[in-house]
Amino acid sequence: MSAFLTVDNLSAILDGSDHRVLRSVSFSIDTGEVLGLVGESGAGKSMIGKAVLGILPSAIRIVEGEIQLDGHNLTKMKSADRRRLIGATAALIPQDPLTALNPSRRIEPQITNRLVDILGWTKFDARVRALELLNEVHIDNPERVMASYPHELSGGMRQRVLIASAFAANPKLVVADEPTTALDVTVQKQILRLIRELQARHSTAMVFVTHDLGVVSKVCQRLAVLYGGMVVEKSTVPDFFEGPKHVYSRSLLAATPKYTDPDASLLPVDEGVIEQVAAQVRAADREWRP
Amino acid sequence: MLDGRSTIKRRAGARLWLSGLWLGVMALVALFAPMISPHDPLAQDLFAGRLPPFWIDGADPAYLLGTDSLGRDVLSRIMHGARIAFSVALVAGLATAITGSLLGLLAGYLRGWFDLVISRLVDIWMAFPPVLFAILLIAVLGTGLTSIIIAIVVIDWTRFCRVVRAEAMNQSAMDYVSSAVVAGRPRMHILWREILPNVLPTIVALLTLEMGIAVIVEAILSFVNLSISSDAPTWGGMIAEGRTSIYQAWWVLAFPLGVLFLTVLSFSQFGEGLKDRFDPVLR
């Protein structure tokens with residue numbers, strides 16, 4: 001059986017230039033599997049998630065490659081059909097819980113409207129489902145939360161609501177775009193556990209975008225390391241933490257602060273390594289250009 | 001597990017109440033001017049010219065705020081002037097708000113060529129001196145209430161367009177919009193149902209500001225005699241007449257000027273007050 005989501009040789013450029021922001025990216029995810037996309041800022045990890053969900057900024061254009069979701073080729077579909085397919089099968093857990101809920105509407109319609117309008121549920125069913133999900137994300141007082149406005153909730157609560165909302169329609173694919181970056185460390189851990197829990201229960205395929213290798217080791221089964229919009233290494237999580245193959249991955253792993261040695265200074269990734277991987281990116285570009 | 005934020009109650013503040021009170025009173029006066037004004041605003045009595053207001057010696061208690069040089073009652077003229085000022089404020093303000101906001105919302109959300117065209121148009125528009133532009137427009141359209149309203153809309157839509165466009169762009173970049181796209185919402189649904197409610201407080205604040213501006217523009221045009229017929233009781237017209245006799249009868253100038261000032265101030269303060277009170281997020 002083929003994978004649930006396959007991204008094949010995907011390249012995207014900044015419109016009006018020939019600068020590639022994604023460089024021939026390929027990977028695949030099976031149902032129930034979590035793939036971590038790791039890399040430093042600007043490596044294009046969020047961009048991949050956005051490309052899959054069809055929410056790339058208008059300045060970025062896909063020029064090559066295919067995205068297959070559940071047997072459908074997204075890049076060849078009409079945009080209305082694509083929106084419908086993505087709406088029915090995929091969901092997003094956004095990075096910043098502070099801007100991811102509409103500030104002028106109560107929580108309840110923000111979870112249920114989508115179920116009612118797009119998936120044709122009855123209002124009653126949608127409400128029951130919303131309450132059930134808020135319970136699942138361990139919100140003690142779901143009735144009250146549903147009647148609240150976003151600004152009445154704390155960041156951690158909002159992220160719980162967003163997770164609940166993402167899983168509401170039983171999506172087969174969830175893209176989590178650095179879901180814990182905007183939260184403080186104590187809340188991070190709970191939220192990660194929650195995402196993992198729901199993902200496992202619903203056996204959702206998941207793309208988990210993060211810069212935190214520690215998070216990857218807890219949540220993902222496989223990972224792809226990105227540099228400059230290019231996948232430099234793909235590996236299973238146990239293999240990776242035993243010994244990454246690419247030099248860049250090795251120094252990225254080495255740069256992670258360790259609890260066992262709190263006095264060690266933070267190491268930047270070695271400049272020689274950066275030069276090496278940058279040269280690799282340039283070489284790929286030379287080959288790519290017609 | 002709700003935190004304290006939900007229990008914060010914001011006070012309306014004196015600003016909202018005072019300005020609201022003044023505008024309410026003026027609106028009532030405007031509405032019922034024909035019934036409550038003590039005299040006919042156009043009736044002249046040349047034997048009762050330049051009577052002072054009631055607290056000064058030589059006043060006639062029938063003319064509370066005195067009379068102008070033609071013996072017309074200042075109070076009645078201010079009341080009828082409010083009718084014109086408030087009609088202009090309401091109609092021109094709303095029409096400007098709707099036109100400008102609509103173009104701004106579409107430009108800020110759709111971007112692309114539409115935004116390009118609208119934005120350049122706004123730049124060009126704003127380079128015109130507004131008062132000259134208004135006078136020019138009236139010269140072309142002819143005097144009258146409708147012309148004033150059209151002139152205000154044509155000149156001032158840019159004020160809304162620019163601010164609303166920026167705000168719509170801000171909102172479009174928020175994650176809740178991305179989520180709505182992922183959920184399969186059509187574009188126009190996102191614009192009206194998700195983005196517009198968050199831009200509305202800004203539009204309302206601008207609207208009240210614009211109403212104040214409309215009152216000023218109407219007064220300016222009346223002042224240079226380009227408003228309605230020259231003896232019609234407008235605040236700007238009264239100020240223009242009062243100017244000629246300021247040393248003999250200061251009240252003919254001072255009362256309409258004070259009312260104009262307070263009304264414009266109240267409009268802007270009312271808008272700010274509303275924005276503070278109804279903005280879903282304290283900005």
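All values derive from a computational prediction rather than experimental measurement.

Section: the overall build of chain B
Then, number 1: Regarding its fold elements, chain B presents nine helices and zero strands.
Then, number 2: What you see in chain B, going N to C, is helices and strands ordered as α-α-α-α-α-α-α-α-α.
Then, number 3: Its C-alpha atoms give chain B principal-axis dimensions of about 80 × 50 × 30 Å.
Then, number 4: Classification of the 283 residues of chain B by burial places 45% in the buried group.

A few points about the overall build of chain A
Then, number 1: Helices and strands together make up the secondary structure of chain A, namely 11 helices and 10 strands.
Then, number 2: The C-alpha radius of gyration computed for chain A amounts to 20 Å, which stays within 12% of the reference 19 Å derived for 290 residues, consistent with globular compactness.
Then, number 3: Counting across all 290 residues of chain A, residues that qualify as buried make up 43%.
Then, number 4: Expressed as a percentage of contacts within chain A between residues at least 6 apart in sequence, the contacts between residues at least 24 apart total 68%.

Quick notes on the sheet that holds strand β2 (residues 20-29) of chain A
Residues and elements named next belong to chain A.
Then, number 1: With antiparallel pairing, four strands are arranged side by side in an open sheet as β2-β1-β4-β5. On the outer flanks of this sheet lie β2 and β5 (72-73), each paired with one strand and no other.
Then, number 2: Where strand β4 (residues 60-69) and β5 come together, two bridges link them in antiparallel fashion. Opposite Gln68, over in β5, you have Asn73 as the bridge partner.

Quick word on unusual backbone geometry
Among all residues save glycine, negative phi is the norm, and among peptide bonds the norm is trans.
Then, number 1: Not every positive phi belongs to a glycine, and Asn170(A) is a case in point at roughly 50 degrees.
Then, number 2: By the secondary structure assignment, Asn170(A) is in the loop between α6 (155-167) and β7 (173-177).
Then, number 3: For Asn225(B), which is not a glycine, the phi torsion comes out positive at approximately 65 degrees.
Then, number 4: Among the structural elements, Asn225(B) can be located in the loop between α7 (187-223) and α8 (235-244).

A short note on the sheet that holds strand β10 (residues 230-236) of chain A
Residue and element names in this part refer to chain A.
Then, number 1: Taken in spatial order, the six strands of this open sheet run β6-β7-β8-β3-β9-β10, and their pairing is mixed. With partners counted over all chains shown, the strands left at the sheet margins are β6 (90-93) and β10, one partner each. Across the sheet, the mean angle from the axis of one strand to that of its neighbour is 15 degrees, orientation sign disregarded.
Then, number 2: Of the pairings in the sheet, the one linking β7 to strand β8 (residues 205-210) comprises five bridges and is parallel in character. By the bridge assignment for β8, Val174 is matched with Met206.

Re the interface of chain A and chain B
Then, number 1: With 32 residues of chain A at the contact, the number on the chain B side is 20 residues.
Then, number 2: Sorting the residues of the side of chain A that touches chain B by element identifies α2 (79-89) and β6 of chain A as the ones contributing at least two each.
Then, number 3: Per-element accounting of the side of chain A that touches chain B gives the leading share, four residues, to α2(A).
Then, number 4: Partitioning the side of chain A that touches chain B into residue classes produces 15 nonpolar, 10 polar and seven charged.

Some remarks on the packing of helix α1 (residues 13-36) of chain B against helix α2 (residues 74-110) of chain B
Residue and element names in this part refer to chain B.
Then, number 1: Orientation of α1 relative to α2, taken along the N-to-C sense of each, is 125 degrees, at an axis distance of 8 Å. If you check the angle between α1 and α2, you find them oblique. Of the two possible hands of crossing, α1 and α2 adopt the one that is left-handed. Contact with α1, carried on its side by Met26, Ala27, Val29, Ala30, Ala33 and Ile36, involves Met79, His80, Ala82, Arg83 and Phe86 of α2 and no other residues of that element.
Then, number 2: Partitioned by chemical class, the residues of the contact of α1 with α2 number nine nonpolar, one polar and one charged.

Overview of the nonpolar core
Then, number 1: Of all hydrophobic cores here, the largest spans 155 residues; its most connected members are Phe208(A), Leu226(A) and Val215(B).
Then, number 2: It is α7(B) that contributes the most residues to this core, 17 residues altogether.
Then, number 3: Not counting residues up to four positions away in its chain, the partners in contact with Val215(B) are Ala85(B), Val88(B), Ala89(B), Leu260(B), Thr263(B) and Val264(B).

Examining the confidence of the model for chain B
Predicted coordinates in areas of low pLDDT are best not read in detail.
Then, number 1: Averaged over every residue, the pLDDT of chain B is 88; the share at 70 or more is 94%.
Then, number 2: Reported confidence for the predicted complex is 0.83 by ipTM and 0.83 by pTM.

Here's the deal with the pairing of β8(A)
All names here are of chain A.
Then, number 1: Most of β8 sits inside the fold, with six of its six residues counted as buried.
Then, number 2: Neither face of β8 is left uncovered, since the one carrying Ala205, Val207 and Val209 and the one carrying Met206, Phe208 and Thr210 both have all their residues buried.
Then, number 3: The pairing of strand β3 (residues 34-38) with β8 spans five bridges and is parallel. If you follow Gly36 over to β8, its bridge partner there is Phe208.
Then, number 4: What joins β7 to β8 is helix α7 (residues 185-201), and the crossover it makes is right-handed.

Looking at the environment of Thr256(A)
Residues and elements named next belong to chain A.
Then, number 1: Mapped onto the elements of the fold, Thr256 is located in the loop between α10 (247-254) and α11 (271-288).
Then, number 2: Its 12 C-beta neighbours within 10 Å are what place Thr256 among the exposed residues.
Then, number 3: When the C-alpha positions of Thr256 and Pro268 are compared, they lie 9.2 Å apart, and in sequence the two are 12 residues distant.
Then, number 4: Residues contacting Thr256, with those up to four places away along its chain left out, are Leu213 and Gly214.

Focus on the environment of Ile135(B)
Residue and element names in this part refer to chain B.
Then, number 1: Structurally, the position occupied by Ile135 is in helix α4 (residues 130-141).
Then, number 2: The class for Ile135 is partly exposed, based on 16 C-beta atoms found within 10 Å.
Then, number 3: On a C-alpha basis, the gap between Ile135 and Ser101 in space is 25 Å, while along the polypeptide they are 34 residues apart.
Then, number 4: Setting aside residues up to four positions removed in sequence, Ile135 forms contacts with Val224 and Leu226.

Things to note about the packing of α10(A) against α11(A)
Residue and element names in this part refer to chain A.
Then, number 1: At a minimum axis separation of 9 Å, α10 and α11 run at an interaxial angle of 145 degrees. The way α10 lies across α11 gives a crossing that is left-handed. Contacts between α10 and α11 involve Val247, Tyr248 and Ser251 from the first element and Val273, Gln276 and Val277 from the second.
Then, number 2: Tallied by class, residues from the contact of α10 with α11 come to four nonpolar, two polar and no charged.

Examining the pairing of β3(A)
All names here are of chain A.
Then, number 1: With five of five residues buried, β3 is to be regarded as a mostly interior element.
Then, number 2: Relative to strand β9 (residues 222-227), β3 runs parallel, the two being bridged by four bridges. When the bridges of β9 are listed, Leu37 appears paired with Ala224.

Some details on the environment of Gly20(B)
Then, number 1: Its place among the elements puts Gly20(B) in helix α1.
Then, number 2: For the pair Gly20(B) and Ser266(B), spaced 246 residues apart in the sequence, the C-alpha separation amounts to 7.1 Å.

Definitions and cut-offs
Residues numbered from 1 in each chain as written. Chains lettered and ligands numbered in written order. Predicted model: local features only at pLDDT ≥ 70, side-chain atom pairs only at ≥ 80, totals over all residues. Helix = DSSP H or I, 4+ residues; strand = E, 2+ residues; numbered from the N terminus. Buried ≥ 20, exposed ≤ 12 C-beta atoms within 10 Å, placed from the backbone. Rg over C-alpha atoms; globule rule 2.2 N^0.38 Å. Contact = placed C-beta atoms within 7 Å. Pairing = 2+ DSSP bridges. Axes fitted to C-alpha atoms, helices over the stretch in contact; angles between N-to-C directions. Nonpolar A, V, L, I, M, F, W, Y, C, P; charged D, E, K, R; others polar. Parallel < 35°, antiparallel > 145°, perpendicular 65-115°, else oblique. Left-handed = near helix turned anticlockwise from the far one by under 90°. Core = buried A, V, L, I, M, F, W, Y, C linked by C-beta atoms within 7 Å. pLDDT = per-residue confidence, 0-100. Right-handed = clockwise from strand over helix to strand, strands pointing away.

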